Amino acid sequence: MRQRRLQGRHLLLAALMLAAPAALTAQTTSNYGTPGLIETPTAEMYPDGTLAFTSGMLDRTLRATMTFQMLPWVHGSFRYAVIEDFDQGGALNRYDRSFDIHFLLREEGRRSPALALGLRDFGGTGIYASEYLVATKTFRERLKLSGGIGWGRIVGRGSFSNPLGMLSDRFKTRPDANAGGIATTGQLDFGNWFRGDAALFGGASWQYNDRLTLLAEYSPDLYTQERSRIGFEVNSPVNFGLQYRFKNGTQLTASYLYGSTLGVNYSYFIDPRQSVAPGGQGAAPPPLLPVDRVALASWNLPDGPAAPARRQQALARSLEQEGLRLVYLEEAGETLRIGVENGRYGQAAQAIGRTARVLANTQPTQVQGFDIALMANGVPLSAVRIARNDLYELEHDLDGAWRSFARAEVSDSISLVKGGFTEAAYPHFSYRFGPYLQASFFDPDAPLRYEIGAQLGLDYTAAPGLTLSAGLRQPAAGNLDDSQRQSNSVIQRVRSDWGLYAQQSDLRIEHLTAEYIWRPGENLYARTTLGYLESMYGGLSGEILWFPANSRLALGAELNYVRQRDFDVLFGFQEYSTATGHVSAYYDLPGGYHAQVDAGRYLAGDYGATLTLDREFANGFKIGAFFTLTTVSFDDFGEGSFDKGIRLEIPVSWLTGRPSRDRLAQVIRPVLRDGGARLNVRNRLYGVTREARAQQLVKGWGRFMR
């Protein structure tokens, strides 16, 4: 059960992706962690899907940036900067969070440059807020020249009246955004974009050889705030740099900036499509045995009353060796209907392939077809019909995996599972024990807080769909409980007291629940969960999901009544209780993108909606972003203005090369407040069922034969 972790828009997105310009591949990364020279941007892009991490220092400023190439023509960045002694007359450091986005407007032609438009710090405090239009042209493969016009922070030396003022007088002035003000942090200052005076910038990079690149640029940035607050010196607009690219693709750049200071930054690049460890390190699939050998196998002789039991035992043992659990078995003439639970493979298609091979090697020759139902705690998710002859015919075919999918049939499995559960299937007990790491980011007193310890998970499935589950944690080390910041929230404190939970708890009951999941009808799933639902709330949760097996679209609804738990995370409750719930729509977009919209009532009693967009690669590596807007005003929300963040999900198999259902997941929020806070109930139905639906199966079907 656990996951270890509208037509028009569809066509529009597909058209945009197909028509996207071919990007000019980035050669260098700037101090801001984006394609650029040293401080100024260029019109370059990283290869599609690249995830870049950059850390750099200059004078008393540290910047750390994560940039994701979302599409060939657009990348986005999240930046965290620390400026020493910046606030309150030098008494406090500034911990700044900002977002960037950069669009390629035109690809580089034979005679024409690439052209890009970007916004820097469009959703942060505004200290780096700027907009730009930049062009880049390559000459003889090694020399790149860039030049552009900028607004906002970029403007300083050599500024002039905004040329957009010819379109409207509103472009001639730039309103005061109260940069860095707590009340406005995180707002999108649309009214400031491309307004006020402008300035020109530009530079060049020359690739001396495959490793070394020389950089020079003209930057009009006068570092006005840093000059007045920390004494940063700007003596010259010209910056110089040397960049060295290591054999593993990482970059180290050293620079001399503004005639006064040295800078250095290091960039590390990840291609989510390429695993850290080479794949195929798990056990090879069992070879298909010749048909005559299967017919002479001992479990088939003699054919009598005990033969079915022998075959079932042999089948269960063989499946167990492949990391699969037999829970359902029924013979229907020449077709065998089987239900298995996948405990090993991150791709459900690989579990189906292994099951089909085991069946071909153990079942009587008169069985010509297999209906393989993927199940979770006795709940059927979907079924795949495989013809036995196809396995033999396509085993050595160069395109056998995809031909097998073309011949397979994916359907809703409810009609396949009636009463054929095996005697050994239920009740079933399982446990998991190991270390855990919990991290908290961007606390102004400590940008990174963490806690490590041991955790124990227990699951007892008494009957199909009915599971009793417990999760315990014992902290061992860390500074998560050292936070002394008190919540200043003016609305109900439903999440902002997280520090009190860390301080006042030791051994914790993370969850203690009774959960029942069932199938009310075809294409329908339902869940009811009662107990301590998560570390901060307990109560009753109910959910229903409509999700056809071959559909990109799923619709769901959830309703909860919960009470806030005591800070010791044991058995007690506080006085606050509330009803919360959402209606949700999930849609698989072309190109590996996935959209989700949740609308309803949140834990603090506010109403609104959350929009999430993820990019998911075939191996399960997922990168996404979300934001929530509710009836809580920006001022009442407080720092951050509204809930937003980035989430990463990395399959353990991506790191190890071995089959695994474990995933490393992390949500990065600039700030955790009370507006837009949602209940973290386990086993939401979409996450439970999605891996077995056709859209996901086809993504991983390349592993059917592996």
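Here's a quick rundown of the structure.

Quick notes on the rules
Residues numbered from 1 in each chain as written. Predicted model: local features only at pLDDT ≥ 70, side-chain atom pairs only at ≥ 80, totals over all residues. Heavy atoms only, no water. Phe/Tyr/Trp six-rings, centres within 6.5 Å; stacked < 30°, edge-to-face > 60°. Helix = DSSP H or I, 4+ residues; strand = E, 2+ residues; numbered from the N terminus. Buried < 20%, exposed > 50% of the residue type's maximum accessible area, 1.4 Å probe, protein only. Pairing = 2+ DSSP bridges. Axes fitted to C-alpha atoms, helices over the stretch in contact; angles between N-to-C directions. Contact = heavy atoms within 4.5 Å. Arc of directions from axis to C-beta. Core = buried A, V, L, I, M, F, W, Y, C linked by side-chain atoms within 4.5 Å.

### Examining the packing of aromatic side chains
Right, on to step 1. Within this structure, the stated rule accounts for 24 aromatic pairs.
Right, on to step 2. Considering the side-chain rings of Y32 and Y128, the 5.5 Å spacing of their centres and the 85° angle between planes classify their relative orientation as edge-to-face. Pair noted here: Y32 is in the loop between α1 (7-19) and β1 (51-58) and Y128 is in the loop between β5 (114-120) and β6 (130-139), with a separation of 96 residues, a long-range link. Both residues of the pair, Y32 and Y128, count as buried.
Right, on to step 3. Between W151 and F194 the ring centres are 5.2 Å apart and the planes differ by 75°, which places this aromatic pair in the edge-to-face class. One end of the pair, W151, is in strand β7 (residues 143-152); the other, F194, is in the loop between β7 and β8 (198-207), and 43 residues separate them in sequence.

### Quick look at the sheet that holds strand β14 (residues 335-342)
Right, on to step 1. Reading across from one edge, β13-β14-β15-β16-β17 is the order of the five strands in this open sheet, with mixed pairing throughout. Sheet topology places β13 (324-332) and β17 (409-411) at the edges, where each strand pairs with a single neighbour. The sheet shows a mean angle of 20° between the axes of neighbouring strands, direction not considered.
Right, on to step 2. Both strand β15 (residues 369-376) and strand β16 (residues 379-387) contribute to a ladder of eight bridges, which runs antiparallel. Within β16, the position partnered with I372 by the bridge is V384.
Right, on to step 3. Each of β13, β14, β15 and β16 touches helix α5 (residues 348-362); the most contacted strand, β15, lies at about 135° to it.

### Points about unusual backbone geometry
Right, on to step 1. Looking along the chain, the bond that leaves Y426 and enters P427 is cis, with omega of 0°.
Right, on to step 2. Note that P427 resides in the loop between β17 and β18 (428-443).
Right, on to step 3. One non-glycine residue, S641, lies in the positive phi region at around 70°.
Right, on to step 4. You can see S641 is positioned in the loop between α9 (634-637) and β29 (643-651).

### Let's talk about helix α7 (residues 400-407)
Right, on to step 1. Every buried residue belonging to α7 is among G400, A401 and S404, and all of these are buried. Viewed along the axis of α7, the buried residues span an arc of 100°, placing them on a single side of the element.

### Points about the nonpolar core
Right, on to step 1. I338, I372 and W701 are the most contacted members of the largest nonpolar core, which has 48 residues in total.
Right, on to step 2. Broken down by element, the residue count for this core peaks at eight residues, all from α5.
Right, on to step 3. In this view, W701 contacts A349, I352, V384, I386, A401, W402, S404 and F405; residues no more than four positions away in its chain are not counted.
Right, on to step 4. In terms of nonpolar packing, the next biggest core, distinct from the first, is built from 18 residues, L480, L500, M536 and Y537 among them.

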